[in-house]
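Working through the structure, step by step
Residue strings, one per chain:
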Amino acid sequence: MAGFLGRLRSALSVRTVARQVFSLQAAIVVLLVVAAVVALVLQSRADSEREARNRSLAVAETFASAPGIEEALAGPDPTAVLQPRAEEARKASGVDFLVVMTTDGIRLTHPDPAQIGRHYIGTIGPAAAGGIVRETVTGTLGPSTRAVVPVTDAEGDVIALVAAGVTLEAVSGVVDHQLPLLLGAAAAALAVATFGTALVGRRLRRQTHGLEPAEMTRMYEHHDAVLHAVREGVLILDGDGRLVLANDEARRLLGLSPDAEGLLARELGLAPDIARLLASGRSATDEVHLAGDRLLAVNQRPTDPGGGPSGCVATLRDTTELQAVTGRADVAQERLKLLFAAGLEIGTSLDVERTSQELADFAVPRFADFATVDLADPVLRGEEPSLGGAAMRRVAFRGIREDTPLYPPGKLIHFVPSTPQSLGYGSGETVLEADMTAFSGWQAQDPERARGLVEAGIHSMIAAPLRARGVILGVVTFWRSRKPEPFEHDDVTVAEELAARAAVTIDNARRFTREHTMAVTLQRSLLPRALPEQNALDVAHRYLPAQAGSGGVGGDWFDVIPLPGARVALVVGDVVGHGLHAAATMGRLRTAVHNFSSLDMSPDELLWHLDELVTRIDQDESGDGDVAPVTGATCLYALYDPGSQLCTMARAGHLEPVVVRPDGSATFAAVPGGPPLGLSGLPFETAEMRLPEGSSLVLYTDGLVEDRTRDIDEGLELLRRTLAHPGRTPEQTCSAVLDALLPEQPSDDIALVVARTHALDSARTAAWDVASDPSAVGQVRAAVTRTLAAWGLEEESFTTELILSELVTNAIRYAAEPVRVRLIRDRALICEVSDGSSTAPHLRRAATTDEGGRGLFLVAQFADRWGTRYTADGKVIWTEQPLLTGTSEDNDR
């Protein structure tokens, strides 16, 4: 039930205008038809009653005046005579009853004989008095409309009454016979009216597109509001080109008169091209036409493609201001593109001069015809610019031609205070000289050169300071000559943006230059400035720091350390990282290697102590948030003894050295690889090999063989092939290696050491075994004196005998056998006393009452250097005595 009611309610609650109109018209038609039917029925009923009354009266009067009625009433049995006659008359007249009665209402006749003799039901008084009675009374036959008339004699006296009537049932029967006709006619009228209403509703639905009344009202209100409030003109023209509608904006833009509607497009007084467009009705999209002093963008579309009426609708938009704004926007967009391109092309490297030149190259000819960049001299050295004076060096120039009176690059210019460059450098504000021909003070720098500039066509300039992080580094000047328009204030903004972008990059390059210079200076100061003099090796080296833009100075280092006994240590190392921290750490490690090597440690033991040092450095610096801790370092330590021609090596994470034999064969030395320094884990191992005289030992860092474009294995193989050439000197070898392997842009430091070996001549050494007997000391002194005389070193005999006497005596007295003495003539005279004890003597100062304790003190006084080194069988105490220049032909080797 609820569903049915819902559907009924939905059917009744129509929403669209067409449906509402249809429903309203249908209801009206139904009401009219119903009213018509009711009116016809009522009218028919009224007419029937009136006809019945008239008929009743006529029948009653006719029967009352019928001949023989008086004689029948006067007869003995009026009923017998009148009853048949009354029934005949009744039937003939179509009334329902015809009654003759006495004046007092006693019936003499009646359609129902049983009613004869009874009293008449109804009003008879007026009729008995000679009048007529018309009434509707319910009688024996039911409700009826009747008439009562008197029957008079010849004298005019009322002798009887006649009543005739028609029952209401008979009257209704007549109407009922007419009702089907009425209802049929009403149904036909309703059908015709409904069909007409449906046609009207269909047409209305098409016209209103099925909209609701509220929607149509809202649409009309919005249409009216939009049509007259929108800032766009709207014109609607019919198929004949007549104006149907124009909104307020269209009237304003076109200057239309109030009575413009109904006129043809050519009659509206419009510009010819706009009139032709409107009259043609063709489609148009954003066509720009001139209407007076306005530029109008016109769009036009026909209205009939969608089923609408023929014609077209045109919209007008005023683009006069938009064109001006668009022009300014185009200029702004071009400047934004200029600044975006500047960010890509200026500052591609951390080089002050190159960045300055990039600024000048970018500005010409995009922004200016000439551009110059002047920087304070300290900036070029990576320093802060000085506060006083406006002395700047021209570091960059670019122009549309070269023949100008502008100062050339490289010149140091002292700008006078009245020049834009001096004003901009001192105040930090950009200075615009829009008209240089006015000579407003800028010419004071050089009047003759100023006239030459103006004669060359240069007419305006902008001097923009290069400010970065609150520091003014210099001035960039833009000059204009080819374009006749001078620089404007809008151009000042562009110049400042270009200067600001370049200034930041120049300042970054300055800071990097300063740090790189400091790091290089520090590293150069920490590396050996000159190789020490020694006879065991001929050494050549190369050191190349990384380029400024490729990471900066690293921690690569090398060293050549002379050791007692004519031995030499070669060291190559690499600290992880770049910059000042890596260089400083490298210096610490190099100093540590020097100190550890002075203790005459074996290579593996030295690397172990170095590893402990790096670990402590990490621990000490790990708590400092501003300094990144050292994550490790690599090192290769090689010890060469020319006497035995043995080379002992150990490495900590470093690349293997290359050994080049005298015949030119090159192989990588099989040195066990240890972990990098700072890991404090695995022990280090040594490798020992005998190198024939004339062999070369090549030590290097990974920057030589490793590159972005080359695998390290390829680099190592290329290094080996490059070294495999006999007869080269160490210097030639270094040059050949760098020519073959040096990357175009080294991203890491490169350290290269080439050492060619020499053997110690047996004629330059002497050795004696000493018996464990104090008397053997004298024999040793005598043998040493003879040897020194043979070497031409007689002047050293006394000192040497004294030193050896003390050392041999201590060895015999306190040490264990075997005791051995070796004398080496090198750049110094070396005395070595070895024994089988691992206990080292120590120097002490004896009191005046002590009988002993002065031996080592005397040795320390007479010898230039002395010390102790440990061997697998004991120890060696050595001393060095300087030799006079020229005592040995080998001293100049």
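Thresholds applied
- Residues numbered from 1 in each chain as written.
- Predicted model: local features only at pLDDT ≥ 70, side-chain atom pairs only at ≥ 80, totals over all residues.
- Heavy atoms only, no water.
- Salt bridge = Lys/Arg side-chain N within 4 Å of Asp/Glu carboxyl O.
- Helix = DSSP H or I, 4+ residues; strand = E, 2+ residues; numbered from the N terminus.
- Buried < 20%, exposed > 50% of the residue type's maximum accessible area, 1.4 Å probe, protein only.
- Axes fitted to C-alpha atoms, helices over the stretch in contact; angles between N-to-C directions.
- Parallel < 35°, antiparallel > 145°, perpendicular 65-115°, else oblique.
- Left-handed = near helix turned anticlockwise from the far one by under 90°.
- Contact = heavy atoms within 4.5 Å.
- Nonpolar A, V, L, I, M, F, W, Y, C, P; charged D, E, K, R; others polar.

**What to know about the pattern of salt bridges**
Under the counting rule described, the total for this entry stands at 26 salt bridges. Arg756 is paired through a salt bridge with Asp538; the nearest N and O atoms lie 3.5 Å apart. Separated by 218 residues along the polypeptide, Arg756 in strand β26 (residues 750–757) and Asp538 in strand β16 (residues 537–544) bring together distant segments of the chain. Among the ionic pairs, Arg651 bridges to Glu656, the shortest N-O distance being 3.6 Å. Judged by its relative accessible area of 26%, Glu656 is partly exposed. Salt bridges linked by common partners bring Arg469, Asp507, Arg510 and Arg511 together as one network.

**Some remarks on the packing of helix α21 (residues 776–791) against helix α22 (residues 797–814)**
At a minimum axis separation of 9 Å, α21 and α22 run at an interaxial angle of 150°. As summarised for this structure, α21 and α22 are arranged roughly antiparallel, according to the angle between their axes. As for how α21 packs across α22, the hand of that crossing is right-handed. Of the residues in α22, those touching α21 at Val777, Val780, Arg781, Val784, Thr785 and Leu788 are Ser797, Thr800, Glu801, Leu804, Ser805, Val808, Thr809 and Ile812. Its residues assigned to classes, the contact of α21 with α22 shows seven nonpolar, five polar and two charged.

**What about the packing of helix α19 (residues 712–723) against helix α20 (residues 730–741)?**
The contact between α19 and α20 brings their axes to 10 Å, and the two run at 145°. Between α19 and α20 lies a crossing of right-handed hand. Where α19 abuts α20, its residues Gly715, Leu718, Leu719, Thr722 and Leu723 lie against Thr733, Ala736, Val737, Ala740 and Leu741. Its residues placed into classes, the contact of α19 with α20 shows seven nonpolar, three polar and no charged.

**Brief notes about the environment of Arg451**
When you line up the elements, Arg451 lands in helix α14 (residues 447–455). The spacing of Arg451 and Pro405 is 46 residues in sequence and 9.1 Å in space, taken between C-alpha atoms.

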